[in-house]
Amino acid sequence: MKPTIFITRKLPDELVAPLKEKFTVRMWDSEDVAVPAEVLREEIVQADALWTMLSDTIDRDMLESATNLKVISNLAVGFNNIDIKAAEEKGIIVTNTPDVLTETTADLAFGLLLATARRFNSAEKELREGGWLSWTPMGYTGMDVYGTTIGIIGMGRIGEAVARRAKGFNMHVLYHNRSRKHETEDKFGVKYAELDDLLKRADHVVILVPLTEETKGMIGERELSLMKKTATLISVSRGGIVDEIALYDALKNNTIFAAGLDVFEKEPIPLEHPLLTLANVTAVPHIGSASVQTRRAMMALNAQAIIDVLEGNEPKNRVN
Ligand code: DGY
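Below or above, wherever it landed, is the structure these notes cover. (Residues numbered from 1 in each chain as written. Predicted model: local features only at pLDDT ≥ 70, side-chain atom pairs only at ≥ 80, totals over all residues. Heavy atoms only, no water.)

On to the nonpolar core, then. Core analysis: the largest hydrophobic core is formed by 48 residues, its most contacted members being I5, L19, W51, I150, I152 and V162. Split by domain, the residues of this core number at least three in each of domain 1 (4–99 + 292–310) and domain 2 (102–283). Setting aside chain neighbours within four positions, we find I152 in contact with G159, V162, A163, V173, L174, Y175, H176, L198, V206 and L208. Judged by nonpolar contacts, the second largest core, of 31 residues, contains L174, L198, I256 and F264. (Core = buried A, V, L, I, M, F, W, Y, C linked by side-chain atoms within 4.5 Å. Buried < 20%, exposed > 50% of the residue type's maximum accessible area, 1.4 Å probe, protein only. Domains from an automatic or database assignment. Contact = heavy atoms within 4.5 Å.)

Laid out in structure tokens, this is it:
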């Protein structure tokens, strides 16, 4: 019998076709609606491979049902949606999609920084709603980006790509990371700072750390209170790192200037969420890696990892 692959979202035919030649492919039939947990629980029983999205929760309980599962290939660089320890205990390989999304995600981070600091969203909204009545000297004014100080929290591949962009904007680059990156410091002229120091000095703070037990709630009321009143906060890695209630208070009370958010504690963010009532929030729906080229490159990595494992070879981008 051919091994079975379950794909948790409808993916483009041409990316799935190579798998169909060799394996039995089962695929959830919607691109927009996530597979319900009960369907996933049934599929996981017989699957040899799972191709998952970052929105699928693969916890210990879900993995209990897996009897044949050899590999989970996750369409994301982040893998906080999967219980890696539980997978490892069951001998299941987990793979992700790093590198191919680095520049695209850094583009989004930097674009969101520009949009947030220069208030693209509220200016555009007012124009569309007929609120642009005349050119005004201080109308729609935001905060400068060029020549200011950026503080990058999390100096991994994407952090480094954001730092390169910042250098092009003549920015002074501070970073905070679990470990010092001496090579990156030498290569790009970025400077290490303790977290509190970075928060006090940066005009723009960009969060790029993965979501772990250690980073959960890392930016709360205390941290936000250290930031400049004129500062922007850009969150592009995972929701849950920034305390959203504390962020709402800080934005409402003008403790900081504005926030640009690509990720949220709960995704999709509920429409009644208080953050969405604020004009100084620029919010986009988790689109860091969302370019046609990059999403296809990510999917190609996923498909190859599944083929590799099911054919008994070592896959690239193994995270456990
Ligand atoms: C990832 O791949 O983890 C990113 O969040 C995609 O935008």
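Read on for the rest.
This brings us to the sheet that holds strand β8 (residues 191–192). The strand order across the open sheet formed by seven strands is β8-β7-β6-β9-β10-β11-β12, and the pairing between neighbours is parallel. At either end of the open sheet lies a strand with only one pairing partner, and these are β8 and β12 (281–283). In this structure, strand β10 (residues 232–235) lies alongside strand β11 (residues 258–261), joined through four bridges in parallel fashion. Along β11, the bridge assignment pairs I234 with G260. Those strands touched by helix α7 (residues 157–168) are β6 (149–153) and β7 (172–176), and its axis lies near 175° from that of β6. (Pairing = 2+ DSSP bridges. Helix = DSSP H or I, 4+ residues; strand = E, 2+ residues; numbered from the N terminus. Axes fitted to C-alpha atoms, helices over the stretch in contact; angles between N-to-C directions.)

The space that makes up the second largest pocket amounts to roughly 210 Å³. Elements with a minimum of two residues in the lining of the second largest pocket: α6 (120–128) and β12. Among the residues forming the lining of the second largest pocket, the class breakdown is six nonpolar, two polar and three charged. (1 Å grid on protein atoms, 1.4 Å probe; cavity = no way out; pocket = protein on both sides within 12 Å on 5 of 7 lines; lining within 4 Å. Points joined across faces, edges and corners; volume = space filled by probe spheres on them. Nonpolar A, V, L, I, M, F, W, Y, C, P; charged D, E, K, R; others polar.)

This brings us to the site of the ligand. Lining the immediate environment of the ligand, one finds A76, V77, G78, L101, R238, H286, G288 and S289. Within the backbone of G78, an N or O atom sits 2.9 Å from an oxygen atom of the ligand. (Near = heavy atom within 4 Å. Polar contact = N/O pair within 3.5 Å; in protein donor to acceptor, adjacent residues only side chain to side chain.)

Turning our eyes to something else, we now look at a negative patch on the surface. On the surface, E221, D243, D249 and E265 cluster together to form a negatively charged patch. By the secondary structure assignment, D249 is in helix α11 (residues 244–252). In this structure D249 comes out as partly exposed when scored by relative accessible area, which is 38%. (Patch = residues over 30% accessible without salt bridge, like charges linked within 9 Å, V, L, I, M, F, W, Y side chains within 5 Å. Areas by Shrake-Rupley, 256 points an atom, 1.4 Å probe, with all protein chains shown as cover. Salt bridge = Lys/Arg side-chain N within 4 Å of Asp/Glu carboxyl O. Lys, Arg positive; Asp, Glu negative; His and termini not counted. Charge placed at Lys NZ, Arg CZ, Asp CG, Glu CD.)

So, on to the side chain of N74. Note on placement: N74 falls in strand β4 (residues 71–75). When its relative accessible area of 0% is taken as the criterion, N74 is described as buried. Polar side-chain contacts of N74 include one of 3.0 Å to the side chain of N81. The contacts of N74, once residues within four sequence positions are left out, are T52, M53, L54, F79, N81, I82, T95, N96, T97 and N302.

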